[in-house]
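The lines below spell out each chain.
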Amino acid sequence: MSTSQICIVATIVVYLVAMVLVGVYCSRKGAGGSSHEFYLGGRKLGPVVTAMSAEASDMSSYLLMGLPGLAYLCGVAEVGWTAIGLAIGTYLNWLIVAKRLRRYSAHIGAITVPSFFSRRYRDEKYVLSCIAAVVILIFFIPYTASGFKAIGTLFNSLFGVNYHAAMIVGAIVVIGYTVLGGFLAVSTTDLIQSIVMTFALVFIVFFGISQAGGWESVTANATSMPGYLNLTQGYDAATNQAGSFPALRIVSTLAWGLGYFGMPHILLRFMAIEDDTKLKTSRRIATVWVVISMFIAVLIGIVGNTVTKEGKIPFLGTSSDAETILIKLSDLLSQHGVFFALVAGLALSGILASTMSTADSQLLAAASSVSHDLVQDFFGKKLSPKNSMLAARGTVIGIAVVGILLAWNPSSSVFRIVSFAWAGFGAAFGPLVLFSLFWKRTTKQGAIAGMVAGGAMVFIWKYLLAPMGGAWSIYELLPAFLVACVAIVVVSLATPAPAKEIVEEFEGVGK
């Protein structure tokens, strides 16, 4: 192993150990001592931690791998509209959903998203909790798998380390601090990881520009590729011709923003802030960070393409290869001496940060769904505080193992895996969250119909209708979201109106 590789490994090891120590510290503070603390941190997050942990858990490995890789290979069309949709969705989610969800969930004593649905509709049999927990398991497992896949890809690309071994080691670290410290540990590490991710993005983009021969070279290369910088065309690397990005596809890509309304790991941050009056501060911090980070991520892909043309790194011709562009640039950086090797190690830790900050939040949300919403609420198994914590921690480990198995294929695309899971949550939960918060006529039957219809339509559209091509090939989130909305309205109006006490409770929760 070369000196630069030793420096990179040392930096990454220090970073990983630090994350585990945060878990130990939070555990000793009592953050893992009860289900309320373990799942929601006792509703005492500050505005900065709330904002940055929400966005770090949102911006998974697709921020440092998926977005740059897509920009590198295909130009700005798809990745640009995706980023715009995500930026709009981020702002609207904080503006519309955050405060009312915080107040409503606290008022009814809900500490998970599934339990919010059941308590909101007085679902004494916890059918809503059960369905929501199943949805979380179905879509969080592949989402978590994409994170583990990114960890394996990182070490395999850099050092030739066995992909599977690297993935398992990374998963063990994530499991370790999640199991130890629960929600507080996850949120604290997410804040740290957002800082590391920001450093990685900023430093690498400036280094990449210098290696590309300056900003003039970057712009000259980008404009030389037909459609590369065109938001209505895009670039086809296989034919070296401009592609096509029609209006319908633009609308469906913008629909990525709809997914925010249904992301359990983000909604939990809204529920956990100590004071809902501080959400305005959180909203501003979160929105600014998201816009800047996604812009730089796309720019890294564009700059990386020029660095390839300069002969500094090899051409990355497939989507899975292109997603390693930041890794390749970091490796190039490490060849400029010990200091830059250490900096490269910190930048590469940013990839781990983007992966871990999402994986830990997803594992925690999935664990709460199984141990709290399924085992205790739906199946009626009354667990002692100790056994409840054991069940939660056991679920974290179990889901992580399944995620590792799903990520066993190193050729899978991070971006594509995330896009499907994102659609699943956006369609199954997004419409229901909005209707639950803002339409008092919504009924339990309508809620069930919307959740089932939205989740099912994601699969139907993705695997049965999209392969037909043409207009059917739009992103599955958009049609599934609309179908869920229609199902909620139609079934709610066709069933008896909610009980008086449910309506009074709805009206009593301040907007």
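Just above, that's the structure.
Please read these numbers as outputs of a predicted model, since none were measured by experiment. (Residues numbered from 1 in each chain as written. Predicted model: local features only at pLDDT ≥ 70, side-chain atom pairs only at ≥ 80, totals over all residues. Heavy atoms only, no water.)

1. With respect to the packing of helix α5 (residues 77-108) against helix α6 (residues 113-120)
- Following both chains from N to C, one finds α5 and α6 inclined at 70°, their axes separated by 10 Å at the closest point. Relative to α6, the element α5 lies roughly perpendicular. Crossing handedness for the pair α5 and α6: left-handed. Listed contacts from α6 to Leu101, Tyr104, Ser105 and Ile108 of α5 are Phe116, Arg119 and Arg120.
- Here the contact of α5 with α6 is built from residues that sort into four nonpolar, one polar and two charged. (Axes fitted to C-alpha atoms, helices over the stretch in contact; angles between N-to-C directions. Helix = DSSP H or I, 4+ residues; strand = E, 2+ residues; numbered from the N terminus. Parallel < 35°, antiparallel > 145°, perpendicular 65-115°, else oblique. Left-handed = near helix turned anticlockwise from the far one by under 90°. Contact = heavy atoms within 4.5 Å. Nonpolar A, V, L, I, M, F, W, Y, C, P; charged D, E, K, R; others polar.)

2. Structural notes on a nonpolar patch on the surface
- Together, Ile84, Ile88, Tyr91, Leu92, Leu95, Ile96 and Phe438 make up an exposed nonpolar region whose accessible area comes to about 550 Å².
- When residues in the nonpolar patch are grouped by element, the largest group, six residues, is from α5.
- Tracing the sequence through the fold places Ile88 in helix α5.
- Overall, Ile88 belongs to the partly exposed group, its relative accessible area being 46%. (Patch = residues over 30% accessible without salt bridge, like charges linked within 9 Å, V, L, I, M, F, W, Y side chains within 5 Å. Areas by Shrake-Rupley, 256 points an atom, 1.4 Å probe, with all protein chains shown as cover. Salt bridge = Lys/Arg side-chain N within 4 Å of Asp/Glu carboxyl O. Buried < 20%, exposed > 50% of the residue type's maximum accessible area, 1.4 Å probe, protein only.)

3. Regarding the layout of surface pockets
- Of the voids in this model, the largest pocket is the one considered here, and its volume is about 380 Å³.
- Lining the largest pocket we find 17 residues, and of these Glu78, Arg249, Ser473, Ile474 and Tyr475 sit closest to its centre.
- Secondary structure elements with two or more residues in the lining of the largest pocket: α10 (247-254) and α17 (414-428).
- Take the lining of the largest pocket: its biggest share by element is four residues, from α10.
- Split into classes, the residues belonging to the lining of the largest pocket amount to seven nonpolar, five polar and five charged.
- In terms of lining residues, the second largest pocket is bounded by 18 residues, among which Val76, Phe295, Val298, Leu299 and Ile302 are the most central.
- Those elements that provide at least two residues to the lining of the second largest pocket are α5, α9 (215-224) and α12 (279-309).
- Class assignment of the residues belonging to the lining of the second largest pocket gives a composition of 15 nonpolar, three polar and no charged. (1 Å grid on protein atoms, 1.4 Å probe; cavity = no way out; pocket = protein on both sides within 12 Å on 5 of 7 lines; lining within 4 Å. Points joined across faces, edges and corners; volume = space filled by probe spheres on them.)

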